[in-house]
Amino acid sequence: MKAKSPVLVAVAPMEGVMDATTRHLITRQGGWDFCVTEFLRVTQGRQPARVFHRICPELRQNALTPIGVPVHLQLLGSDPQALAANAEVGVKAGAKVIDLNYGCPAKIVNRHLGGASMLRYPDRLYDATHAVAQALKALDTPVTAKMRLGYDDTELTLDNARALNAAGISQLVVHARTRAQGYKPPAHWEWVARIAEVVDVPVFANGDIWTLADYQRCVAVSGVHHAMLGRSSMTNPWLAKQIKQHLAGEEVEQVDFKRMLGFLLEWLKLDAQFYEEIVRVMRVKQWLVMFRLRWGEEAKTVFDACKRLTNERDLINNLEDYLLFADS
Ligand SMILES: Cc1cc2nc3c(=O)[nH]c(=O)nc-3n(C[C@H](O)[C@H](O)[C@H](O)COP(=O)(O)O)c2cc1C
């Protein structure tokens, strides 16, 4: 199936994981068209600009990663006025695109009618999104949205998609699972196709695209060519490039687990300046947990060797040993 317009591949927002350093390191591997920040939760009143700059330091650099990939700022909330007011602050702080999170499954967020819980009320979804779209119109800034299929079920999926479309979004990412389905595979890409039929903005498929073969299957099922990659952007930062190479009919470069570990060591060096050692150690383990989802037994061996380590030097030695001796 041939795509009509250029295919876009984006790095998904991932709270607690996808910070500016990680965005930088991933996007500089090539093939990525934009990324989205971790969400900034908006309840009442206006947050000061420094809060926006903390979550998205790239706002000071024209909202671009160092290699020049656009970064969209994500807000999460339910109150139309608060969302609109904070979207304006975000734009004045440097944001070029505001994204709205209607997928977060966290209980604390959902209890206050944020994230996926908005999917129970298409009217509220419309009101919140429309308020932001109206406020940003004056600033000539687009608003985009990221939704799950629903809260408990898919009864309102298409109503929600229509509501977002009517409210004035310029692009829609669909994480093809309900909140109740959490992160449990499979993602239901067939729903991405149904949503794409009822909206007239570009749609991105999201969920369980781990490999080029997954991407091809997702396109075949959904008919949608744009993709947003979350965990796979961390378990294979070259996947966007592989997709683009495949689409261009070029030879697709190969990626293996050792290359991935080398990337993690690079990340550790870059991120070291921002976090204390205890946090860095915790985050390396977070990466290793994620690697297991993609790289299976190889990653499990490394994870098992590292899981009780508390000191960064030991962790680095372990990873380096694996890189040196794994095949010998
Ligand atoms: C640790 C973690 C944090 C996440 N944080 C966010 C977030 O801040 N905003 C958001 O819209 N989605 C968030 N998500 C959802 C992802 O963006 C994505 O929709 C989901 O992981 C499915 O895509 P994947 O299978 O490619 O990972 C998060 C997911 C994970 C695993």
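Bear in mind the structure is a predicted one, so any value in this text is a computation, not a measurement.

With that out of the way, let us pick up empty space enclosed by the protein. Within the structure shown, the criterion is met by 1 cavity of 30 Å³ or more. Taken as a whole, the largest cavity holds about 40 Å³ of empty space. Together, Phe34, Val36, His72, Asp99, Thr144, Lys146, Gln171, Val173 and Met228 line the largest cavity. When contributions to the lining of the largest cavity are tallied by element, the ones reaching two or more residues are β2 (34-36) and β6 (143-150).

Here we take up the site of the ligand. Surveying the vicinity of the ligand reveals 18 residues, the closest of which are Pro13, Glu15, Gln74, Asn206 and Arg231. A distance of 3.4 Å separates an oxygen atom of the ligand from a polar atom in the side chain of histidine 175. Within the side chain of asparagine 206, an N or O atom sits 2.6 Å from an oxygen atom of the ligand. Computed on the free molecule, the ligand has an accessible area of 610 Å², of which 88% lies beneath the protein chains in the complex. According to the grid-proximity analysis, the pocket containing the ligand is the largest pocket. Here the shell around the ligand is composed, by residue class, of 7 nonpolar, 6 polar and 5 charged.

Note that side chains of opposite charge can pair when their charged atoms are close. Summed over all chains, the structure comprises 15 salt bridges. One connected set of salt bridges, linked through shared partners, spans Arg177, Asp208 and Arg231.

Following proline 185, the chain continues into proline 186 via a peptide bond in cis, with omega recorded as 5 degrees. Within the secondary structure layout, proline 186 lies in the loop between β7 (172-178) and α7 (189-198). Even without being glycine, asparagine 62 reaches a positive phi, approximately 65 degrees. Structurally, asparagine 62 is set in the loop between α2 (49-55) and β4 (71-76). Here the phi dihedral of aspartate 208 falls at roughly 65 degrees; this positive angle occurs in a residue that is not glycine. Topologically, aspartate 208 is positioned in the loop between β8 (203-206) and α8 (212-222).

Looking now at the pairing of β4. The buried count for β4 comes to 6 of 6 residues, which makes it a mostly enclosed element. The alternating pattern of β4 places Val71, Leu73 and Leu75 on one face and His72, Gln74 and Leu76 on the opposite face, and all of these are buried. Bridging between β2 and β4 involves 2 bridges; their strand directions are parallel. By the bridge assignment, valine 36 is partnered in β4 with histidine 72. Pairing of strand β3 (residues 40-41) with β4 involves 2 bridges; the strand directions are parallel. The residue bridging arginine 41 from the neighbouring strand is leucine 76, located in β4. Pairing of β4 with strand β5 (residues 98-102) involves 3 bridges; the strand directions are parallel. If you follow leucine 75 over to β5, its bridge partner there is leucine 100. Note on the crossover from β4 through helix α3 (residues 80-92) to β5: the handedness is right-handed.

So, about the layout of surface pockets. One number sums up the size of the largest pocket: a volume of about 550 Å³. What lines the largest pocket is a set of 28 residues, and nearest its centre among them are Pro13, Met14, Lys146, His175 and Tyr183. Put simply, the parts of the chain that give the lining of the largest pocket at least two residues each are β6, β7, β9 (226-229) and α9 (231-235). Residues that form the lining of the largest pocket fall into these classes: 14 nonpolar, 8 polar and 6 charged. Of the volumes computed, that of the second largest pocket is approximately 480 Å³. Every element with two or more residues in the lining of the second largest pocket is listed here: α1 (20-27) and α2. Split into classes, the residues belonging to the lining of the second largest pocket amount to 11 nonpolar, 6 polar and 5 charged.

Attention now goes to the pairing of β7. Among the 7 residues that make up β7, 7 are buried, leaving the element largely enclosed by the rest of the structure. Here β6 runs beside β7; their pairing, made up of 5 bridges, is parallel. Considered in β7, the bridge of arginine 148 is made with histidine 175. In this fold, β6 hands off to helix α6 (residues 157-167), which returns the chain to β7; that crossover is right-handed.

The rules behind these values
- Residues numbered from 1 in each chain as written.
- Predicted model: local features only at pLDDT ≥ 70, side-chain atom pairs only at ≥ 80, totals over all residues.
- Heavy atoms only, no water.
- 1 Å grid on protein atoms, 1.4 Å probe; cavity = no way out; pocket = protein on both sides within 12 Å on 5 of 7 lines; lining within 4 Å.
- Points joined across faces, edges and corners; volume = space filled by probe spheres on them.
- Helix = DSSP H or I, 4+ residues; strand = E, 2+ residues; numbered from the N terminus.
- Near = heavy atom within 4 Å.
- Polar contact = N/O pair within 3.5 Å; in protein donor to acceptor, adjacent residues only side chain to side chain.
- Areas by Shrake-Rupley, 256 points an atom, 1.4 Å probe, with all protein chains shown as cover.
- Sits in = over half its atoms within 2 Å of the grid points.
- Nonpolar A, V, L, I, M, F, W, Y, C, P; charged D, E, K, R; others polar.
- Salt bridge = Lys/Arg side-chain N within 4 Å of Asp/Glu carboxyl O.
- Buried < 20%, exposed > 50% of the residue type's maximum accessible area, 1.4 Å probe, protein only.
- Pairing = 2+ DSSP bridges.
- Right-handed = clockwise from strand over helix to strand, strands pointing away.

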